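Chain by chain, the residues:
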Amino acid sequence: MHKSVVAALAALFLASPAVAAPLCSDLGFAGLLAKCNRGEPIEITLSSGKPLGKGAITLQSGAYYEMQITADGSAELAITGAPFFRAIWMNEIVVNGIEVRPMAIDSLEFDEAGTATLSFIAVKPGSYEVKIPESSGDSQKVSISIQ
């Protein structure tokens, strides 16, 4: 490619608004999955009659996160949040050491006690929620904002 075309494309790219702003500037070989680009872990607990989380969560677009969803086995419970799951790039879901690399998910259901760890990059800014399906209480959902 001619140098002037490359320079023009680079100028156009640099002049465009940033879609994702990673947490660090030196991502290195790992790219967005670099350790310096990791946000705080997110913990969700599925337990009959108990809150899902500790309040609203704010994520940075372009940053890598891990969400641990732990069910205590007190009831057969699921967590749903298709709009949120469509606003992230899912790296993997790990259950009992088995890594699943899905294109997308709508929900996860726990028939017994266990933990699923979702690793992902927050992508699309907006306000979302994950919740126990068909529940109406505020403690049965977690609000998630991607900035």
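Residues numbered from 1 in each chain as written. Predicted model: local features only at pLDDT ≥ 70, side-chain atom pairs only at ≥ 80, totals over all residues. Heavy atoms only, no water.

## Digging into the confidence of the model for the chain
Phase 1: In this model, the chain carries an average pLDDT of 86, and 85% of its residues clear a pLDDT of 70 or more.
Phase 2: For the stretch residues 8–19, pLDDT sits under 50, and the model shows three contacts to residues farther than four places along the chain or on other chains. (pLDDT = per-residue confidence, 0-100. Contact = heavy atoms within 4.5 Å.)

## Remarks on the sheet that holds strand β3 (residues 64–71)
Phase 1: Read across the sheet, five strands follow the order β1-β3-β8-β5-β6 without closing on themselves; strand pairing throughout is mixed. Each of the sheet's edge strands pairs with one partner strand only, and the pair in question is β1 (42–46) and β6 (98–100). Pairs of neighbouring strands in the sheet enclose a mean axial angle of 20°, with direction left out of account.
Phase 2: Pairing between strand β5 (residues 88–95) and β6: three bridges, direction antiparallel. Note that in β6 the partner of V94 across the bridge is E99. (Pairing = 2+ DSSP bridges. Helix = DSSP H or I, 4+ residues; strand = E, 2+ residues; numbered from the N terminus. Axes fitted to C-alpha atoms, helices over the stretch in contact; angles between N-to-C directions.)

## Topic: the side chain of S47
Phase 1: Locating S47 in the fold gives a position in the loop between β1 and β2 (57–59).
Phase 2: We classify S47 as buried; its relative accessible area is 4%.
Phase 3: A distance of 2.4 Å separates polar atoms of two side chains, one belonging to S47 and the other to D72.
Phase 4: Those residues within four positions of S47 in sequence are excluded, and the remaining contacts are D72, S74 and L77. (Buried < 20%, exposed > 50% of the residue type's maximum accessible area, 1.4 Å probe, protein only. Polar contact = N/O pair within 3.5 Å; in protein donor to acceptor, adjacent residues only side chain to side chain.)

## Details of the packing of aromatic side chains
Phase 1: With the rule as written, the count across this model stands at four aromatic pairs.
Phase 2: On the basis of an interplanar angle of 90° and a centroid distance of 5.7 Å, the ring pair of F84 and F120 is categorised as edge-to-face. Of the two residues, F84 is situated in helix α2 (residues 82–86) and F120 in strand β8 (residues 114–122); the sequence distance between them amounts to 36 residues.
Phase 3: Assessed through its relative accessible area of 0%, F84 is described here as buried.
Phase 4: Assessed through its relative accessible area of 0%, F120 is described here as buried.
Phase 5: Three or more aromatic residues link up through ring pairs in this structure, and these residues are Y65, F84, F85, F120 and Y128. (Phe/Tyr/Trp six-rings, centres within 6.5 Å; stacked < 30°, edge-to-face > 60°.)

## A short note on the environment of I57
Phase 1: Residue placement: I57 occurs in strand β2.
Phase 2: Between the C-alpha atoms of I57 and E129, which are 72 residues apart in sequence, the distance is 9.5 Å.
Phase 3: In contact with I57, other than residues within four places in its own chain, are I42, V142, S143, I144 and S145.

## Re the layout of surface pockets
Phase 1: Estimated volume of the largest pocket: approximately 220 Å³.
Phase 2: As for the largest pocket, its lining consists of P41, I42, E43, T45, P51, L52, G53, K54, G55, A56, I57 and V142.
Phase 3: Here the element with the most residues in the lining of the largest pocket is β1; it accounts for three residues.
Phase 4: Looking at side-chain class alone, the lining of the largest pocket contains seven nonpolar, three polar and two charged residues. (1 Å grid on protein atoms, 1.4 Å probe; cavity = no way out; pocket = protein on both sides within 12 Å on 5 of 7 lines; lining within 4 Å. Points joined across faces, edges and corners; volume = space filled by probe spheres on them. Nonpolar A, V, L, I, M, F, W, Y, C, P; charged D, E, K, R; others polar.)

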